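# Descriptive structure summary
Residues per chain, in single letters:
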Amino acid sequence: MLDTLFRGLFDTTLTDTIAPGDFLLCVGVSLLLGLLLCGMTMWHSRFSRSLMVTLAILPAVVCVVIMMVNGNVGTGVAVAGAFNLVRFRSAPGSAREIGALFVAMGTGLITGMGYLGYGVLFTLILGAAMMVYNAVSLRAGAVGAVERTLYITIPEDLDYAGVFEPVLSQYTRRYSLTQVKTTNMGSLFKLTYDLTLKDPAQEKGFIDQLRLRNGNLEISLGHQDNAVATL
């Protein structure tokens, strides 16, 4: 019964089959190595939880893709084209959304190859792993609820150096200016800050104080794991 369940619909005598035990071993080791890589990446660094979850599950997804392709050139070309579609979601989406897309693409690849039993097994394992990783914080000592990404759009004639530091020092535990770029044909500057709020309840007061510095500001404040909401 198990041999029938985990046999490909399109397998022939010339096709190598994958044993269920080998499949589980490879996926399990990949998940463990993903966690190890996640831990090493977080060493003395700060990353969003969604990125850590994606980093932890990607080795298992790639492992299954390699097992399914298994030297089949035609399938490899098709897989390369299919996973290239993820690029169109990577710009506006968070790391968690991109990771979910990779898992969905991997599931479709397995079922498309005719391994329906492995498709169900892969979905259950990776789905459970994502649920556990999302429920348990992968960053020791980090408080995700107060971490924000701040975007401030200012006129080009405003000298931003030192203007917002008093407010940032008052309302945040830490902050860093990560990016400065021009927008609107060079007439505006867009500043990007990564920061940790002292008190999430004072978020509105924080934005109001920033506006008092200069009324001609466009301010966006969002969670580092989620899409930014413009205020």
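Residues numbered from 1 in each chain as written. Predicted model: local features only at pLDDT ≥ 70, side-chain atom pairs only at ≥ 80, totals over all residues. Heavy atoms only, no water.

When two helices pack together, their arrangement is given by the angle between the helix axes and the distance between those axes. One way to put it is that helix α3 (residues 49–69) packs onto helix α6 (residues 95–112) with a least axis distance of 9 Å and a crossing angle of 15°. As the angle between them shows, α3 and α6 are arranged roughly parallel. Considering the relative orientation of α3 and α6, their crossing is left-handed. Between α3 and α6, the residues in contact are R49, S50, L51, T54, I57, L58, V61, V64, V65 and M68 and A95, R96, G99, F102, V103, L109 and I110, respectively. Looking at the contact of α3 with α6, its residues break down into 12 nonpolar, three polar and two charged. (Axes fitted to C-alpha atoms, helices over the stretch in contact; angles between N-to-C directions. Helix = DSSP H or I, 4+ residues; strand = E, 2+ residues; numbered from the N terminus. Parallel < 35°, antiparallel > 145°, perpendicular 65-115°, else oblique. Left-handed = near helix turned anticlockwise from the far one by under 90°. Contact = heavy atoms within 4.5 Å. Nonpolar A, V, L, I, M, F, W, Y, C, P; charged D, E, K, R; others polar.)

So, on to the confidence of the model for the protein. For the protein, per-residue confidence averages 76 on the pLDDT scale, and residues scoring 70 or more make up 74% of the total. Predicted confidence for residues 226–231 stays below pLDDT 50, and this span has 13 contacts to residues more than four positions away or in other chains. (pLDDT = per-residue confidence, 0-100.)

Our focus in this paragraph is a nonpolar patch on the surface. On the surface, L25, V29, L33, L36, L37 and M40 cluster together into a nonpolar patch covering about 570 Å² of accessible area. As for its placement among the helices and strands, M40 is situated in helix α2 (residues 20–42). With a relative accessible area of 53%, M40 lands in the exposed category. (Patch = residues over 30% accessible without salt bridge, like charges linked within 9 Å, V, L, I, M, F, W, Y side chains within 5 Å. Areas by Shrake-Rupley, 256 points an atom, 1.4 Å probe, with all protein chains shown as cover. Salt bridge = Lys/Arg side-chain N within 4 Å of Asp/Glu carboxyl O. Buried < 20%, exposed > 50% of the residue type's maximum accessible area, 1.4 Å probe, protein only.)

Bringing the pattern of salt bridges into the picture now. Evaluation of the coordinates by the stated rule reveals two salt bridges. For E203, the salt bridge identified is with R148, shortest N-O distance 3.0 Å. Taken together, the positions of E203 in helix α9 (residues 203–213) and R148 in strand β1 (residues 147–155) put the pair 55 residues apart, joining distant regions of the chain. Overall, R148 belongs to the buried group, its relative accessible area being 6%. A salt bridge links D208 to K204, with the shortest nitrogen-to-oxygen separation between them at 3.0 Å. Separated by four residues within a single helix, D208 and K204 lie in helix α9, roughly one turn from each other. Residue K204 is classed as exposed on the basis of its relative accessible area of 59%.

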